[in-house]
Amino acid sequence: MSKTAYPNLFKPLKVDGLRLKNRITMAPLYLGYAAPGGKVSPLMLAHYKLMAQSGAALIVVEGSGIIVNGSGSARTLRCDHNRYLKGLHGLAKAIKEEKALAALQINHAGRFAQVAEPVAPSAVPAFGATPHVLTRKEMKTIQKQYAKAALRVQRAGFDLVELHGGTGYLLAQFVSPRTNTRTDAYGGPIENRIRFPLEVLKGVKDLVGDFPVGYRFLADEWLPDGLHVEESRVLAKTLEENGVAYISVMGGTYESFFLPGVIKESRKPGYMVSLAEAIKREVKVPVITAGRISTPGLAESILREKKADLIGLARMLWVDPEWPRKARKGLDRSIIKCSPKCDACLQLVMQGKPAFCPRWKKGKRAEYKALFQ
Ligand SMILES: Cc1cc2nc3c(=O)[nH]c(=O)nc-3n(C[C@H](O)[C@H](O)[C@H](O)COP(=O)(O)O)c2cc1C
Ligand code: SF4
């Protein structure tokens, strides 16, 4: 290995039998690049190939829908039917050809789904719609859909699958005391509220065998009456006991991301590291931290101080796919930074448009637009 100023960042790590060549992972980033209807598009292939060429050890592909009624948007990638297998196979291959490990995140958006009749653990309105309360039978169906989707991820050739328990989507909706007011065995104390995500994990593991399963983890909703670390830590420990490959920690949901205090905090480098650190104290399984980790120096100090085991770069890698290579060569100053005051990518995808970054070099936007279907 060539010499680097960041020895911790470029130290390999074994994760559930897989060898990560360094500590850099791409955190999932939905950009609205899938073809309408959720198939892998040429733009998506080009985008993930570039992300894998960056030198990151693991690319976690954005959330893909496990059931059409749980889809975040018409351009959300889908893995709810065998007809998507061919495209997903091409996507996994494109990433792995560049010597990165490939993961696919699978998701049900629950009350945040952009569908006529969203479903959720309880009838807590979101974006003006009151979701249908899931029956036990419907929950069983969703559990099975998760397992079948995970099997497709395995069959498509990915190295691992990630369950999306973040951003306030369905799994997180069960865990949160705000969005889960059920009075059955799935509501009430935290031990009950984590029951459904654990059943989903079990269903997945039963079907995929020793295929690694990661978990995107909501540590704190950043809402006064929401989920906080005091409770989410219980889920972290239980996920570890139930064999997850890693826990990828994040904070916030669509109901807190735009609060003035949260916006202010999110502009700071490493704004979610303290959450990862709190969860890492509870578990031995590798913990990923993300959130404006804009410099290799910050990443190195997080690892050195054992606040997390792996670094997740989402916008940070997208804005400058050379981040890992520049870090290795000590060219930190030339890393193109995501502007703390910008939220263009988030605004664009929320309007159902594909995201392009104003910080890209001239010509790249046109190149991407030409590939957009
Ligand atoms: C436009 C956008 C799309 C995102 N899509 C996903 C997603 O599909 N799944 C997920 O777990 N997190 C998603 N995230 C959260 C990121 O993975 C990450 O936690 C967050 O952006 C902070 O890291 P960064 O500062 O490097 O971007 C998204 C964030 C943004 C801004
Ligand atoms: S500069 Fe703006 S568009 Fe580019 S990654 Fe950062 S927030 Fe997204």
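1. Brief notes about the packing of aromatic side chains
Inspection of every chain in the model, using the stated rule, returns 13 aromatic pairs. Taken together, a centroid distance of 5.7 Å and an interplanar angle of 80 degrees make the contact between Phe112 and Tyr254 edge-to-face. With Phe112 in the loop between strand S6 (101–107) and strand S7 (119–120) and Tyr254 in the loop between strand S11 (247–251) and helix H8 (260–266), the pair connects residues that are 142 residues apart, well separated along the chain. Grouping aromatic residues by their ring pairs yields a cluster made of Tyr33, Trp318, Phe356, Trp360 and Tyr368.

2. Quick look at the pairing of strand S9 (residues 160–165)
Burial within S9 is extensive, with six of its six residues counted as buried. Residue alternation in S9 divides its side chains into two sets, Leu160, Glu162 and His164 and Val161, Leu163 and Gly165, and both sets are buried. In terms of strand pairing, S6 meets S9 through four bridges, oriented parallel. The residue of S9 that forms the bridge with Leu104 is Val161.

3. Overview of the pattern of salt bridges
Counted according to the given criterion, the structure contains 19 salt bridges. Note that Glu231 is salt-bridged to Arg193, the shortest N-O span being 2.7 Å. Of this pair, Glu231 sits in helix H7 (residues 229–241) while Arg193 sits in helix H5 (residues 190–193); the two residues are 38 residues apart in sequence, bridging distant segments of the chain. Note on Glu231: relative accessible area 25%, which makes it partly exposed. Each of Arg111, Arg178, Glu221, Asp225 and Glu255 takes part in salt bridges that share partners, so that together they form one network.

4. Focus on the pairing of strand S10 (residues 213–220)
Counting buried residues in S10 gives eight out of eight residues, a clear majority hidden from the surface. Sheet topology places S9 next to S10; five bridges connect them, and they run parallel. Following the sheet pairing, Leu163 is matched in S10 by Tyr215. Inspection of the sheet shows S10 paired to S11 by five bridges, in the parallel sense. From the neighbouring strand, Tyr215 faces S11, where its bridge partner is Ile247. With respect to chirality, the unit in which S10 leads through H7 into the neighbouring parallel S11 is right-handed.

Rules behind the numbers
- Residues numbered from 1 in each chain as written.
- Chains lettered and ligands numbered in written order.
- Predicted model: local features only at pLDDT ≥ 70, side-chain atom pairs only at ≥ 80, totals over all residues.
- Heavy atoms only, no water.
- Phe/Tyr/Trp six-rings, centres within 6.5 Å; stacked < 30°, edge-to-face > 60°.
- Helix = DSSP H or I, 4+ residues; strand = E, 2+ residues; numbered from the N terminus.
- Buried < 20%, exposed > 50% of the residue type's maximum accessible area, 1.4 Å probe, protein only.
- Pairing = 2+ DSSP bridges.
- Salt bridge = Lys/Arg side-chain N within 4 Å of Asp/Glu carboxyl O.
- Right-handed = clockwise from strand over helix to strand, strands pointing away.

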